[in-house]
Amino acid sequence: MKRCRGLRPAAFVVMLAGCASSAAVIVDYDPVPTTVASTTDATPPDELTNPPRPEDPAARSAFDAARAKWDAARLRDYSFRVRFSCFCPMYGPWDVVVRNRVVVSTTPVDATQQVAPVDGFRSIDDLLGQVDRAVAEAGSVVVRYDPGLGYPSSVSIDWITGAVDDDLNWEITSLSVG
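Residues numbered from 1 in each chain as written. Predicted model: local features only at pLDDT ≥ 70, side-chain atom pairs only at ≥ 80, totals over all residues. Heavy atoms only, no water.

A.B. asks: Would you explain the pattern of salt bridges in this entry?
C.D. replies: Close approach of charged atoms allows side chains with opposite charge to pair. Counted under the stated rule, the structure contains eight salt bridges. Residue Asp64 pairs with Arg60 through a salt bridge whose shortest N-O separation is 3.7 Å. Taken together, the residues Asp64 and Arg60, both in helix α1 (residues 57-73) and four residues apart, mark about one turn of the helix. Looking at Asp64, the relative accessible area reads 41%, which means it is partly exposed. We classify Arg60 as buried; its relative accessible area is 16%. Between Asp95 and Arg81 there is a salt bridge, with its nearest N and O atoms 2.7 Å apart. Linking Asp95 in strand β4 (residues 91-99) with Arg81 in strand β3 (residues 78-85), this pair joins segments that are 14 residues apart in sequence. Residue classification places Arg81 among the partly exposed positions, given a relative accessible area of 29%. Ionic contacts of the salt-bridge type, sharing partners, join the residues Glu55, Arg60, Asp64 and Asp132 into one network. (Salt bridge = Lys/Arg side-chain N within 4 Å of Asp/Glu carboxyl O. Helix = DSSP H or I, 4+ residues; strand = E, 2+ residues; numbered from the N terminus. Buried < 20%, exposed > 50% of the residue type's maximum accessible area, 1.4 Å probe, protein only.)

This is the structure:
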């Protein structure tokens, strides 16, 4: 077998697991690490994370108030309808049933829409945990909370500003107790 010097594999294909379509993404691949000389001791920014930023006090205050409402309600058994979207096609809407604060069943509202989120369904407590983390770490987060119970009724999280495949959105259109 003849070897070609100086040539590197140009790309590889990444299959998007969990997406409804059989999409593939071509990603440049360079197995040879590149060394960059620098005249300063500064660490270059990581392209896959956001630069450190102070937490938004208004976002933290809104989250804390919403979380307090949800905790005060002490709901253990409830159901809700949710629609997720991310870089992949939209998921849902789905009806989610929670018993003793654990998701026990999920049912697509439209029988032809069977694609579920890759990382599964979460309870409101888990979704609030994700919002809490986003308020502290995400590049941007926009949340609308239910005024009565405090659950996150509409959420848009951009984990890494400038990245195109990391956004997560969901909308809870109804929540029923019991």
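After presenting the structure, the write-up continues.
A.B. asks: So what exactly am I meant to see when it comes to the side chain of Asp125 here?
C.D. replies: Within the element layout of this structure, Asp125 appears in helix α2 (residues 124-137). By relative accessible area, which is 15% here, Asp125 ends up buried. Within polar-contact distance, the side chain of Asp125 engages the side chain of Trp70 at 3.1 Å. (Polar contact = N/O pair within 3.5 Å; in protein donor to acceptor, adjacent residues only side chain to side chain.)

A.B. asks: What should I look at first to understand the packing of aromatic side chains in this one?
C.D. replies: Here the structure, examined in full by the defined rule, presents six aromatic pairs. Between Tyr78 and Phe80, the ring centres sit 6.1 Å apart and the planes meet at 25°, which makes this aromatic pair stacked. Taken as a pair, Tyr78 and Phe80 share a single burial class, namely buried. The interplanar angle of 50° and the centroid separation of 5.0 Å between the aromatic rings of Trp94 and Phe121 together place this pair among those described as tilted. In this pair, Trp94 is assigned in strand β4 and Phe121 in the loop between β5 (102-108) and α2, connecting sequence segments 27 residues apart. Neither Trp94 nor Phe121 differs from the other in exposure class; each is buried. By the ring-pair criterion, three or more aromatic residues cluster together here, those being Trp70, Tyr78, Phe80 and Tyr151. Over the ring of Trp159 we find Arg133, and its NZ or CZ is 4.2 Å from the ring centre. (Phe/Tyr/Trp six-rings, centres within 6.5 Å; stacked < 30°, edge-to-face > 60°. Lys NZ or Arg CZ within 6 Å of the ring centre and 35° of its normal.)

A.B. asks: Hey, could you run me through unusual backbone geometry in this one?
C.D. replies: Leave glycine aside and you will find that most residues have negative phi; peptide bonds, for their part, are mostly trans. Of note, Arg74 is a non-glycine position whose phi angle comes to about 50°, a positive value. Summarising the element assignment, Arg74 is placed in the loop between α1 and β3. Backbone geometry at Asn100 places phi at a positive 55°, although glycine is not the residue there. Here Asn100 lies in the loop between β4 and β5.

A.B. asks: Whenever I open this one, the confidence of the model for the protein chain confuses me. Can you help?
C.D. replies: Keep in mind that low pLDDT regions are not for reading the predicted coordinates in detail. For the protein chain, per-residue confidence averages 74 on the pLDDT scale, and 63% of positions sit at 70 or higher. When mean pLDDT is taken per element in the protein chain, α1 scores highest with 96 and strand β1 (residues 11-15) scores lowest with 33. (pLDDT = per-residue confidence, 0-100.)

A.B. asks: Is there a simple way to think about α1 in this case?
C.D. replies: Each α-helix turn comprises 3.6 residues. Residues three or four places apart therefore point the same way. An ideal rise of 1.5 Å per residue puts 24 Å on 17 residues; α1 measures up with 24 Å between its terminal C-alpha atoms. Packing partners of the buried residues in α1 comprise β3, α2, β6 (140-145) and β8 (167-177). In this structure Asp56 caps α1, since a side-chain oxygen of it lies 3.1 Å from the backbone nitrogen of Ala58. The positive-phi residue at the C-terminal boundary of α1 is Arg74, with phi of around 50°. (Expected span 1.5 Å × (residues − 1). Contact = heavy atoms within 4.5 Å.)

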